[in-house]
Amino acid sequence: MSEIADLFSLKGQTAMVTGASSGIGAHLAQTLAKAGANVVLCARRTDRLEALAAKIEAAGGNALAVVMDVKDDNTITAAFDTAEKAFGTVTVLLNNAGVADAKLTVNDTNESWDHVMDVNLKGVWRVAKEAAVRMMKAEVGGSIVNTASILGIGTQKGYVTYATAKSGVIHMTKTMALEWQKAGIRVNALCPGFFVTEINEHALDTDIGKATLLRSPAKRAGQLHELDTPVLMLTSPASSFVTGVALPVDGGHSVAMI
């Protein structure tokens, strides 16, 4: 059993999590810490990051709170510099920062489109590129997991910008995987279904939200702990020959969309 457990261990790794101030990012940052990683928590809200870092350290882990806005190159560079000084080269990246702004296509605006694309698509590109460049410079391999969505695989009304960005993340992930495999850097995409977080808990509790969940084969939203094993698999040596994959974790919802 110890050999199997070692496959999923992140002991000695430096893991960066963007969008770590709440929801999926905050939960998975704790998961990576429990697996032994030194975790760098990145987001714009420092108060939440500091509280999460304290919680991780109280549980016996190592964590550092760092301000990052994925729309700002300067904060990205500074965050990686801080991470390296504290723990060494980032070798695991959970590229999770994202926003949602649900609108029908005819009601969308240039401002909404630009904001969602800048965070959900270009922001993922910015941070992944910075991580890869530094891994290559340090001559170490690593694992990058970009958070996409089942709405990048299938889609539904009202998510034109979000779905377009997330489908872009999937194809960007595949291209990065092709380019960076020679450097020992694996790049995969996590495609969560509907999980209850601060961003969507109100929407999922409406009649439309409940109907959406009922169309899923699982007939429910996912629970955050159900993301733990997929993420540990993708970030750890357990998936040493896995790259370029877009992995749905959705109770079969993306299959039902087709």
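Residues numbered from 1 in each chain as written. Predicted model: local features only at pLDDT ≥ 70, side-chain atom pairs only at ≥ 80, totals over all residues. Heavy atoms only, no water.

Remarks on the overall build of the protein chain
Counting its secondary structure elements, the protein chain contains 10 helices and seven strands. Here the protein chain has a C-alpha radius of gyration of 17 Å; the compact-globule value for 258 residues is 18 Å, and the two agree. Taking the principal axes of its C-alpha atoms as reference, the protein chain extends roughly 45 × 45 × 40 Å. Within the span of the protein chain, comprising 258 residues, buried residues form 48% of the whole. Each charge class in the protein chain can be summarised by its mean position, and for the 23 positive and 25 negative side chains these summaries are 3 Å apart. (Helix = DSSP H or I, 4+ residues; strand = E, 2+ residues; numbered from the N terminus. Rg over C-alpha atoms; globule rule 2.2 N^0.38 Å. Buried < 20%, exposed > 50% of the residue type's maximum accessible area, 1.4 Å probe, protein only. Lys, Arg positive; Asp, Glu negative; His and termini not counted. Charge placed at Lys NZ, Arg CZ, Asp CG, Glu CD.)

Concerning the packing of aromatic side chains
Under the counting rule described, the total for this entry stands at one aromatic pair. When the centroid spacing of 6.3 Å and the interplanar angle of 65° are considered together, the rings of Y159 and Y162 count as edge-to-face. Given a relative accessible area of 21%, Y159 falls into the partly exposed group. (Phe/Tyr/Trp six-rings, centres within 6.5 Å; stacked < 30°, edge-to-face > 60°.)

A look at the side chain of N96
On the secondary structure map, N96 appears in the loop between β4 (92-95) and α5 (110-138). Within the local environment of N96, its side chain forms a polar contact with the backbone oxygen of G19, the two atoms lying 3.4 Å apart. (Polar contact = N/O pair within 3.5 Å; in protein donor to acceptor, adjacent residues only side chain to side chain.)

Overview of the pattern of salt bridges
Inspection of the entire model under this criterion finds seven salt bridges. Put simply, K103 and D101 hold a salt bridge, and the shortest N to O gap is 2.7 Å. Ionic contacts of the salt-bridge type, sharing partners, join the residues D81, E84, E130 and R134 into one network. (Salt bridge = Lys/Arg side-chain N within 4 Å of Asp/Glu carboxyl O.)

With respect to the nonpolar core
Ranked by internal contacts, the top residues of the largest apolar core, which has 32 residues, are M16, M68, F80, I144 and W180. If you list the elements that add at least two residues to this core, you get β2 (38-43), α4 (73-87), α5, α6 (160-180) and β6 (185-192). Among the elements that take part in this core, α5 stands out by supplying seven residues, more than any other. For I144, the residues in contact, after removing those within four places along its chain, are L93, A128, A131, A132, M135, W180, I185, R186, V187 and N188. (Core = buried A, V, L, I, M, F, W, Y, C linked by side-chain atoms within 4.5 Å. Contact = heavy atoms within 4.5 Å.)

A few points about the sheet that holds β4
Strand pairing within a sheet occurs via backbone hydrogen bonds; the two strands may be parallel or antiparallel. One open sheet accounts for seven strands, arranged β3-β2-β1-β4-β5-β6-β7; its pairing is parallel. Of all the strands in the sheet, just β3 (62-67) and β7 (246-249) have a single pairing partner and so form its edges. Neighbouring strand axes in the sheet, compared pairwise and without regard to direction, differ in orientation by 20° on average. The pairing of strand β1 (residues 14-18) with β4 spans three bridges and is classified as parallel. Note on β4: the bridge partner recorded for M16 is L93. Most of the contacts of α5 go to strand β5 (residues 142-147), to which it runs at about 180°, and overall it touches β1, β4, β5 and β6. The strands that helix α9 (residues 228-235) touches are β4, β5, β6 and β7; relative to β6, the one it contacts most, it runs at about 165°. (Pairing = 2+ DSSP bridges. Axes fitted to C-alpha atoms, helices over the stretch in contact; angles between N-to-C directions.)

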